[in-house]
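The primary structure of each chain is shown beneath.
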Amino acid sequence: MKQPTVVRTGKKADTPQIFALVKELAAFEKASNEVTLTEKQFLQDGFGAKPLFKTIVAELNWKIVGMGVYCLTYSTWKGKEMYLIDLMVAHEHQKKGIGTKLFEEILRISQREGTKRFRLDAYNWNTPAIEFYKKYGGKPYEDWRAIMYNQEQLEKAYKKLKSNI
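A brief structural summary. Since this is a predicted model, take the numbers as computed values, not measurements. (Residues numbered from 1 in each chain as written. Predicted model: local features only at pLDDT ≥ 70, side-chain atom pairs only at ≥ 80, totals over all residues. Heavy atoms only, no water.)

## So, the sheet that holds strand β1 (residues 6-9)
The strands that make up a sheet are held in pairs by hydrogen bonds between backbone atoms, and each pair lies either parallel or antiparallel.
Then, number 1: The mixed open sheet is built from five strands, whose spatial order is β1-β2-β3-β4-β5. Taken across any chain shown, the strands that pair with only one partner, and hence form the sheet edges, are β1 and β5 (117-120). Taking each pair of neighbouring strands and ignoring which way they run, the sheet shows an average axis angle of 25°.
Then, number 2: Alignment of β1 against strand β2 (residues 54-60), held across four bridges, turns out to be antiparallel. Residue pairing in the sheet places Val7 in a bridge with Ala58 of β2.
Then, number 3: Where helix α3 (residues 98-113) meets the sheet, it contacts β1, β2, β3 (63-75), β4 (79-89) and β5, and its direction lies at approximately 165° from that of β4. (Pairing = 2+ DSSP bridges. Helix = DSSP H or I, 4+ residues; strand = E, 2+ residues; numbered from the N terminus. Axes fitted to C-alpha atoms, helices over the stretch in contact; angles between N-to-C directions. Contact = heavy atoms within 4.5 Å.)

## Quick notes on the side chain of Glu59
Then, number 1: Position of Glu59 relative to the elements: it lies in strand β2.
Then, number 2: Overall, Glu59 belongs to the buried group, its relative accessible area being 19%.
Then, number 3: With near-sequence residues (within four places) excluded, Glu59 lies in contact with Pro4, Thr5, Val6, Arg8 and Ile64. (Buried < 20%, exposed > 50% of the residue type's maximum accessible area, 1.4 Å probe, protein only.)

## What about the side chain of Thr55?
Then, number 1: By the element assignment, Thr55 lies in strand β2.
Then, number 2: In this structure Thr55 comes out as buried when scored by relative accessible area, which is 4%.

## What to know about the pairing of β4
Then, number 1: Burial runs high along β4: eight of the eleven residues are buried.
Then, number 2: As paired strands, β3 and β4 are joined by ten bridges and run antiparallel to one another. By the bridge assignment for β4, Thr73 is matched with Glu81.
Then, number 3: Hairpin remark: β3 followed by β4, antiparallel, with three residues in the connecting loop.
Then, number 4: Judged from the four bridges that link them, β4 and β5 form a sheet pairing that is parallel. For Leu84, the partnering residue across the bridge sits in β5 and is Leu120.

## Overview of the pairing of β3
Then, number 1: By the bridge criterion, seven bridges tie β2 to β3 in an arrangement that is antiparallel. In the sheet register, Val57 faces β3, and the bridge partner there is Met67.
Then, number 2: Linking β2 to β3, which pair antiparallel, is a turn of two residues; within it Asn61 sits at a positive phi near 50°.

Right, dumping it as structure tokens:
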């Protein structure tokens, strides 16, 4: 018998299935080679002594078919904010309302946490995602540019640090 989709907090034991979705997301974004994080490190970072992020999962017939990864951050202009790192539904389970359930749960968590702003990133080419978030009132910030350092660029930046010795 088919069970209804259940959205719940992610657990340590879910890590292999969540990490598989992370890799599937990277493949969708044509960036599989960018995933240098290991499952072990993901487990430590999310479920270790000082978790850096939290997860929710969508479970269908006892299998995780979707996930949301998020963290609380801070805006010096607004205060506490929610940052949705990733929202992913396995390809074969898309267009069934699972992403909506996950996103709405993230919004509820944000509301419970009393956040003043909610932030996420979407590739410019991912029109379906952008349109989905717009349905909930989300608005792309055209005036802002994301600045990111990859590992190689970060190492170069570190070398530019002036020593105070």
